[in-house]
Every structure is written in C-alpha cells, then in structure tokens.
Amino acid sequence: MGEEPFDEDVPEEPGESLSQPLSTEERDSVEADLVDLDSMRGVFEPQGAKGVVIACADCGENHYYGWELLQENLEHMLETGEPRMHEPAFDPKEDDYVAWDYAKGYVDALADAGLDPDVRIRVDACAWCEASVEPAFAFCPRCGRTLAPVRLYRELVDRGMEDQEVRRLLIRAGFEPFG
C-alpha cells in the first residue's frame, strides 16, 4: 500500500497513454487508498475539512482534492488503469484540506487504539434548541452549540451509567446543561 495515492508513473510525452490494467499489487494499493480515504473523510469532514492535500513528487506542488473528486479519481484508476488528469483547485484555502500523510496516520492511530472512526453516536436533534441535525454534524446549525456532550451522554448511559450521574459529570467537566 502506497503512502500517497497516484504513485504511478505519468506519461512522458503528451500523446502517450498508460492504458495498461493495474497489477494486482497496484490494484490492492488503490483499493486500500479508497478505504483510507473513506476513513479520513469520516473523521475530518465533520470537522469542516473539504478534502486532502497531497504533495506531488513529480512537480513539487501540493495538489488539493475534494473528497468526492479523489474518490472518483481512484475509482477511475481501478476501472481503466489510468490516473485522471488533475486540474488545480481554484485558489484553495489550505486550512480547508488535511494532509494525506497526517490524516492517514491519524486514522491509523485511532484504529490502533481500538477506536473505530466510522462509529459515531447518533444525534438527530440538538438537545438545547431541538433543531434537526445530520449525523455528521459536530455543531447545531441553528444555535451553534457543540453536539459532543450529547454524544458523550448517550455513550455513557449506553454503557450503564445512571442518567443523573452522567449529567452531573458533564456539568462538572464544564459542559452546559441540556434538556
């Protein structure tokens, strides 16, 4: 498995084509990159990341990929054996992207610690203003409060702690009480 996706050679001549099927090792590497990308997206997209940035060994520039663009490029490579040409992102904000190597290391560390980044405690509504929220939201879109204490509350109650004990613990930890 490669450290970064698209470790394959690029044609030297403009008309040259790489229309060879991927070797088993290359196919396994691209499939592993897709799994890694999915894990990274599950962790970093709820925090506001728009995708990953990959340092290109060929040109020395950083390439910015949105989550779906990179997924589509990797899937295209599996289907055709060829990487797609990448158009540079228009004036990307570097802070909106997470470095591939960092994100890969982060999700690997979560897995090593026995934490599954794909498993999130589901919250359907804000505990303060009762606005509907999507499962991936980290903050309520209406009142702006973090949904972390509600997820923590649910997890602790599901593990057998009493409701009032969990609420007292969260307040002592500095979280705002919720309904």
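Residues numbered from 1 in each chain as written. Predicted model: local features only at pLDDT ≥ 70, side-chain atom pairs only at ≥ 80, totals over all residues. Heavy atoms only, no water.

*Asks:* Honestly, the environment of Asp91 in this entry has me stumped. Any pointers?
*Replies:* Note that Asp91 resides in the loop between helix 2 (67-80) and strand 3 (97-99). A residue is classified by how much of its surface remains accessible, and Asp91, at 63% relative accessible area, is exposed. Between the alpha carbons of Asp91 and Tyr64 there is a distance of 10.0 Å; along the sequence they are 27 residues apart. (Helix = DSSP H or I, 4+ residues; strand = E, 2+ residues; numbered from the N terminus. Buried < 20%, exposed > 50% of the residue type's maximum accessible area, 1.4 Å probe, protein only.)

*Asks:* How do you make sense of the packing of helix 1 (residues 24-44) against helix 3 (residues 100-112) when you look at a structure like this?
*Replies:* In the contact formed by helix 1 and helix 3, the axes pass within 9 Å of each other and the chain directions differ by 85°. Considered as vectors, helix 1 and helix 3 are oriented roughly perpendicular to each other. For the pair helix 1 and helix 3, the contacting residues are Asp33, Asp36, Leu37, Ser39, Met40, Val43 and Phe44 in the first and Trp100, Tyr102, Ala103, Lys104, Tyr106, Val107 and Leu110 in the second. Its residues assigned to classes, the contact of helix 1 with helix 3 comprises ten nonpolar, one polar and three charged. (Axes fitted to C-alpha atoms, helices over the stretch in contact; angles between N-to-C directions. Parallel < 35°, antiparallel > 145°, perpendicular 65-115°, else oblique. Contact = heavy atoms within 4.5 Å. Nonpolar A, V, L, I, M, F, W, Y, C, P; charged D, E, K, R; others polar.)

*Asks:* What should I look at first to understand the packing of aromatic side chains in this one?
*Replies:* Any pair of aromatic rings gets described here by the distance separating the centres and the angle formed by the planes. Applying the stated criterion to the full structure yields six aromatic pairs. Relative to Tyr106, the ring of Phe44 has its centre 5.3 Å away and its plane inclined at 55°; by these criteria the two rings are tilted. In this pair, Phe44 sits in helix 1 while Tyr106 sits in helix 3, placing the two residues 62 residues apart along the sequence. In this structure Tyr106 comes out as partly exposed when scored by relative accessible area, which is 33%. A network of ring pairs unites the aromatic residues Phe44, Tyr102 and Tyr106 as a single cluster. (Phe/Tyr/Trp six-rings, centres within 6.5 Å; stacked < 30°, edge-to-face > 60°.)

*Asks:* Before we go on, may I ask you to explain the confidence of the model for the protein in this structure?
*Replies:* In this model, the protein carries an average pLDDT of 83, and 82% of its residues clear a pLDDT of 70 or more. Taken element by element, the protein is modelled with least confidence in helix 5 (residues 163-172), mean pLDDT 87, and with most confidence in strand 3, mean pLDDT 95. (pLDDT = per-residue confidence, 0-100.)

*Asks:* What is the right way to look at the pattern of salt bridges in this model?
*Replies:* For side chains bearing opposite charge, pairing can occur when the charged atoms are close. What the rule picks out here adds up to nine salt bridges. For the salt bridge of Arg27 with Glu31, the shortest nitrogen-to-oxygen distance reads 3.9 Å. Taken together, the positions of Arg27 and Glu31, both in helix 1 and four residues apart, correspond to about one turn of that helix. In this structure Arg27 comes out as partly exposed when scored by relative accessible area, which is 32%. Look at Glu31 and you get partly exposed, because its relative accessible area is 35%. Ionic pairing is found between Asp108 and Lys104, a salt bridge with its closest N-O pair at 2.8 Å. Of this pair, Asp108 and Lys104 are both found in helix 3, four residues apart, which corresponds to roughly one turn of the helix. For Lys104, a relative accessible area of 10% translates into the label buried. (Salt bridge = Lys/Arg side-chain N within 4 Å of Asp/Glu carboxyl O.)

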